[in-house]
Amino acid sequence: VKIQQRFIADAAHQLRTPLAGLQTQLDLANAEGAFSASPERFQAIDEATARLGHLLSQLLTYARAETSAAQTERFAEVDLGLLVENAASHFLDTALARNIDLGFDIQPAKTMGFPWMLQEALSNLIDNALRYTPSGGVVTVHCGSENGRPFLGVEDNGPGIPEEHGRQVFERFYRIPGSPGNGCGLGLAIVQEIAELHGAAVKYLNAPHGGLHIRIEFPSVP
C-alpha cells in the first residue's frame, strides 16, 4: 500500500507540473494576442486543459481511495458540519458565477473516517450538482443525523437521474447519454468508493422540487 501511495504522489507531481505550465503558457499567449483572430480556438483549448486537470484530479482521488481501503484502523472522528462549512468556502464563487442559489442546512453530526476523503466525497456531490443544475436553480447541502445514522446530502433541482441509469451512474467513466457539461464520469464512482470504505450507503432520491437528492448515510453512532 505504501508503495502504491508513493507512486500516486509521484504521478500527481509529475503530471500536475507540466499541466500547470501548459495553462500558464496558454494564458500568456492569449494575453499577447495570439488568439485575437480566433478567440473560439483559445476557448476550446482552455476548456480541454480544464477537463484534463479535472480528470487527473479525479483519477488520483479514486486511486488514493482504493489504496486507503486497508487502513480503516486509522479512522478519526469527523465533524460533518465542519466539512459542509469548508465546502461552502470552495463552491460559493462557482455557484454565484453560474447564477445558482447554493444553500446549507447544517445539523450537528459526527462519524468516524478519513476527513480528507469525506471532504472529497462531499465536494464531488456538490460539483456534480452545480454542473447539472441550470442557471437560476437551487442546490442545498445537508448534514445531520436521522434514526441514529449521521448523513451528508446534496439536493438540486436539475434534470435528475433517469431510473434506467440509476445503477450505472456509480460506475467509473459512465455518463448519461446527452449529459451537458464536461464531466469525466468519475464523480459518483468516487463517492461510492469512499462510502463503501466508511461502511456507508449511498442513496439517491427524487428531490421535492424535481432534480436529485443524493445522501451518504453512515453507520449508527455507538
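See above for the structure.
Residues numbered from 1 in each chain as written. Predicted model: local features only at pLDDT ≥ 70, side-chain atom pairs only at ≥ 80, totals over all residues. Heavy atoms only, no water.

Colleague: Please clarify how helix α4 (residues 115–132) should be interpreted in this entry.
Modeller: Note: α-helices contain 3.6 residues per turn, so residues at a spacing of three or four share the same orientation. With 18 residues, α4 should reach 26 Å at 1.5 Å per residue; the first-to-last C-alpha distance of 26 Å fits that figure. Those residues of α4 lying buried are Met-117, Leu-118, Gln-119, Ala-121, Leu-122, Ser-123, Asn-124, Leu-125, Ile-126, Asp-127, Ala-129 and Leu-130. (Helix = DSSP H or I, 4+ residues; strand = E, 2+ residues; numbered from the N terminus. Expected span 1.5 Å × (residues − 1). Buried < 20%, exposed > 50% of the residue type's maximum accessible area, 1.4 Å probe, protein only.)

Colleague: Mind showing me how you'd approach the packing of aromatic side chains here?
Modeller: One pair of aromatic rings is described through two measures. These are the centre distance and the angle between the planes. One pass over the structure, following the stated rule, counts two aromatic pairs. Relative to Phe-42, the ring of Phe-35 lies with its centre 5.5 Å away and its plane at 50 degrees, an arrangement referred to as tilted. The residues Phe-35 and Phe-42 share a single accessibility class, namely buried. Ring centres of Phe-75 and Phe-114 lie 5.1 Å apart, and the angle between their planes is 90 degrees; on these two criteria the pair is classed as edge-to-face. You can see Phe-75 sitting in the loop between α2 (39–67) and β1 (76–79) and its partner Phe-114 sitting in the loop between β3 (110–113) and α4, a full 39 residues away along the chain. Note on Phe-114: relative accessible area 8%, which makes it buried. Directly above the ring of Phe-151 sits Arg-215, whose terminal nitrogen or CZ lies 3.8 Å from the centroid. (Phe/Tyr/Trp six-rings, centres within 6.5 Å; stacked < 30°, edge-to-face > 60°. Lys NZ or Arg CZ within 6 Å of the ring centre and 35° of its normal.)

Colleague: Teacher, can you tell me more about unusual backbone geometry here?
Modeller: What is expected of a backbone is that most residues other than glycine have negative phi and most peptide bonds are trans. For Asn-99, which is not glycine, the phi torsion reads 55 degrees and is therefore positive. In this fold, Asn-99 is placed in the loop between α3 (80–97) and β2 (101–106). Exposure remark for Asn-99: the relative accessible area of 48% places this residue in the partly exposed category. You will see that Asn-147, though not glycine, has its phi angle at about 55 degrees, which is positive. Tracing the backbone through its elements, the reader meets Asn-147 in the loop between β4 (138–146) and β5 (149–156). Given the relative accessible area of 74%, Asn-147 is considered exposed.

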